[in-house]
Amino acid sequence: MAIVWRSLALSLLAAFFAVLHRAASAAPAALSPDTASFLRCLAVDLPPQVLHTNASPSYTSVLESSIKNLLFVAPATPTPVAIVAAAGASHVQAAVRCGARHGVRVRPRSGGHDYEGLSYRALSAARPFAVVDLAALRAVRVDAGRRTAWVGSGATLGELYYAIANRSARLGFPGGVGPTVGVGGHLSGGGFGLLLRKHGLAADHVVDAVIVDAEGRLLDRVAMGEDLFWAIRGGGGGSFGVVLRWKLRLVRVPATVAVFTVHRARNQSATALLARWQRVAPALPRDVFLRAVLQNQDAQFESLYLGPCAGLVAAMAARFPELGVTPRDCVEMAWIESVLYFAFYGAGKPREQLLDRGAGPERYFKAKSDYVSAPVPSHAWESAWRWLRRDGAGLLILDPYGGRMAGVSPSATPFPHRRELFNLQYYGFWFENGTGVAEKHVGWVRGVHREMEPYVSRNPRGAYVNYRDLDLGVNGDDDDGGEGGYEKARAWGEAYFKANFERLAAVKAKVDPHDFFRNEQSTPPLPSSRKGLL
């Protein structure tokens, strides 16, 4: 891919100054009695090497180890009173039990790609919290004969793909493009990627899981029950417990797949191509995935086809001849090579690159998302091009649905957006520190999102929970529970989950009635006046 997403020198410099800024911040305030009791409880129940507090020399490096957004390494950001770098289930259980006993909530973190950072930061310092970091729980055990894999929540998608490919060239998994995304968070939000039209969501292929619940119990699918198992497969991370590992059903992939990336400038009929793309891409054969990425005045069309180039070129000639794809545009490779191709912008990358978990926060970014239910008129795409020409502009990413996605009931899992034409992500990023530059880029994201409001889903306007967005609303304070808390949460909950949100809240009331697993966008317990859904 030719998109200029990175500037390595600038990103490293920004990260360096952010770390210096944090190190120079004021000393932490005195601990409350509850927090002090919580830390003493952890110190008794945990080996010292897995417990990191503000007083630990390792605290900052552990906290920032998987953060991907420099916005959330500012000194003023409320951070956890402790990080438990869990090396086993008993460490997670101890953190949950100590937290429940002493009034300190626990937030699980797998990969750190959480767009709003709620797995490791809070909006207010009024209520202390701790983080259970699952990065060490990253084992992947593939059973090629049964086409299954057990994977720890702390593994990355890249590690999962690598392990699968090492066992079989004919198996894959329908997860996302980003290799450093944590498996736990990805599956908790549903998870979609380039195989979605053939195989649906990543969460559709979860067949078992092991979770630590609000009482500190270790439960598998049978023990947790089908209601909780339904909720964790797309209902958002951090609401129902700490999932330690997942059992996945793998999918068959052909020996050869085909890819292409072609660019069409705005002055080369890109608007007309987009208008046509949104009708064609969701209706292509299931073996074809064709996304579009808009940046500057360029439309980049990227395709994965589960078969050789001849089939992909023929499909484009028959369904989308306006795009002008030729055999020269197409490249054949193994499925695992296609994972590298889309993750790292080109062919020929070594497979071991999938094991690189990244080097901490690299850029500042802000994102929002939409779902499109009916084709967007051409004049709206022209308006989008004008936004992409503005100072501070980012990019738009258009992922088509259809195929297997459209064939699954919206209530089969918490993810409800299966019948939409495509997902639209607005992504702004920058490398310079400062309030002014941040306001410029965040303003661009919010502005183009407002501009597109007439052309996207409505009642409610949908959003993807794995592109978490606090602009949609946040939960109230601790004393804002019951009916009022649930009603306030509906503002964001129904955008992510539509009618499934009420069922998620009913599951929450059943498995975590005291709302121990809570953050600014965690599902609240359904008030007793509304119960009876399960």
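Just so we're clear, the structure is a prediction, and the values are computed from it rather than from any experiment.

### A few points about the overall build of the protein chain
- For the protein chain, the helix and strand inventory stands at 16 helices and 18 strands.
- Scaling as 2.2 N^0.38, a compact globule of 534 residues should have a C-alpha radius of gyration of about 24 Å, and the protein chain matches this with 23 Å.
- Here the protein chain holds 534 residues, and the buried ones make up 60% of them.
- Long-range pairs, those at least 24 residues apart, make up 76% of the contacts in the protein chain with a sequence separation of at least 6.
- Carbon and sulfur atoms make up 53% of the accessible area of the protein chain, which amounts to about 20,300 Å² in all.
- Charge centroids of the protein chain, computed over 61 positive and 47 negative side chains, lie 4 Å from each other.

### Observations regarding the environment of Ala 82
- Of note, Ala 82 is situated in strand 2 (residues 82-85).
- If near-sequence neighbours (up to four positions away) are discounted, Ala 82 is found in contact with Phe 38, Leu 39, Leu 42, Leu 51, His 52, Thr 53, Phe 129, Ala 130 and Val 131.

### Observations regarding the UniProt feature "domain: FAD-binding PCMH-type" (unreviewed entry) in the protein chain
- The feature "domain: FAD-binding PCMH-type" (unreviewed entry), as given by UniProt, occupies residues 76-253 in the numbering adopted here.
- Counted over residues 76-253, helix gives 26% and strand 25%. Its end C-alpha atoms are 47 Å apart.

### Some remarks on a positive patch on the surface
- On the surface, a cluster of positive charge is made up of Arg 147, Arg 170, Arg 249, Arg 252, Arg 286 and Arg 404.
- Within the secondary structure layout, Arg 147 lies in the loop between strand 5 (140-143) and strand 6 (148-152).
- Under the relative-accessibility criterion, Arg 147 is labelled partly exposed at 31%.

### Examining the state of the cysteines
- Going through the model one piece at a time under the given rule, you end up with 2 disulfides.
- One disulfide bridge connects Cys 41 with Cys 98, the sulfur atoms lying 2.0 Å from each other. Between Cys 41 and Cys 98 the sulfur-sulfur dihedral comes to about -75°; the bridge is accordingly left-handed. Pair noted here: Cys 41 is in helix 2 (residues 33-45) and Cys 98 is in helix 4 (residues 89-102), with a separation of 57 residues, a long-range link.
- Owing to a relative accessible area of 8%, Cys 41 belongs among the buried residues under this scheme.
- You can call Cys 98 buried: its relative accessible area is 0%.
- The disulfide partner of Cys 309 is Cys 330, and the gap between their sulfur atoms is 2.2 Å. For the disulfide bridge between Cys 309 and Cys 330, the dihedral angle about the S-S bond is near -95°, and by the sign convention the bridge is left-handed. In this pair, Cys 309 is assigned in helix 11 (residues 309-319) and Cys 330 in strand 15 (residues 330-333), connecting sequence segments 21 residues apart.

### A closer look at the nonpolar core
- Counting 84 residues, the largest nonpolar core has Phe 173, Ile 232 and Trp 246 as its most contacted members.
- Counting residues per element, this core draws most heavily on helix 12 (residues 335-344), which supplies 8 residues.
- Apart from the residues lying within four places of it in its own chain, the contact partners of Phe 173 are Leu 160, Tyr 161, Ile 164, Leu 187, Leu 195, Ala 202, His 205, Leu 248, Arg 249, Leu 250, Val 251 and Trp 335.
- Trp 277, Met 316, Trp 385 and Leu 398 belong to the second largest nonpolar core, which has 45 residues in total.

### Considerations on the pattern of salt bridges
- As enumerated under the stated definition, the model contains 32 salt bridges in all.
- Arg 217 is the salt-bridge partner of Asp 213, the closest N and O atoms lying 2.7 Å from each other.
- Classification of Asp 213 by relative accessible area gives buried; the value is 3%.
- Judged by relative accessible area, Arg 217 falls into the partly exposed class, the value being 40%.
- Residue Asp 227 pairs with Lys 510 through a salt bridge whose shortest N-O separation is 3.1 Å. Here Lys 510 lies in helix 16 (residues 500-511) and Asp 227 lies in helix 9 (residues 226-232), a separation of 283 residues in the sequence.
- A network of salt bridges, in which partner residues are shared, links Glu 116, Arg 121, Lys 366, Lys 368, Arg 446, Asp 469 and Asp 471.

What counts, and where the lines are drawn
- Residues numbered from 1 in each chain as written.
- Predicted model: local features only at pLDDT ≥ 70, side-chain atom pairs only at ≥ 80, totals over all residues.
- Heavy atoms only, no water.
- Helix = DSSP H or I, 4+ residues; strand = E, 2+ residues; numbered from the N terminus.
- Rg over C-alpha atoms; globule rule 2.2 N^0.38 Å.
- Buried < 20%, exposed > 50% of the residue type's maximum accessible area, 1.4 Å probe, protein only.
- Contact = heavy atoms within 4.5 Å.
- Areas by Shrake-Rupley, 256 points an atom, 1.4 Å probe, with all protein chains shown as cover.
- Lys, Arg positive; Asp, Glu negative; His and termini not counted.
- Charge placed at Lys NZ, Arg CZ, Asp CG, Glu CD.
- UniProt positions renumbered as here; feature names shortened; annotations may be inferred.
- Patch = residues over 30% accessible without salt bridge, like charges linked within 9 Å, V, L, I, M, F, W, Y side chains within 5 Å.
- Salt bridge = Lys/Arg side-chain N within 4 Å of Asp/Glu carboxyl O.
- Disulfide = S-S within 2.5 Å.
- Core = buried A, V, L, I, M, F, W, Y, C linked by side-chain atoms within 4.5 Å.

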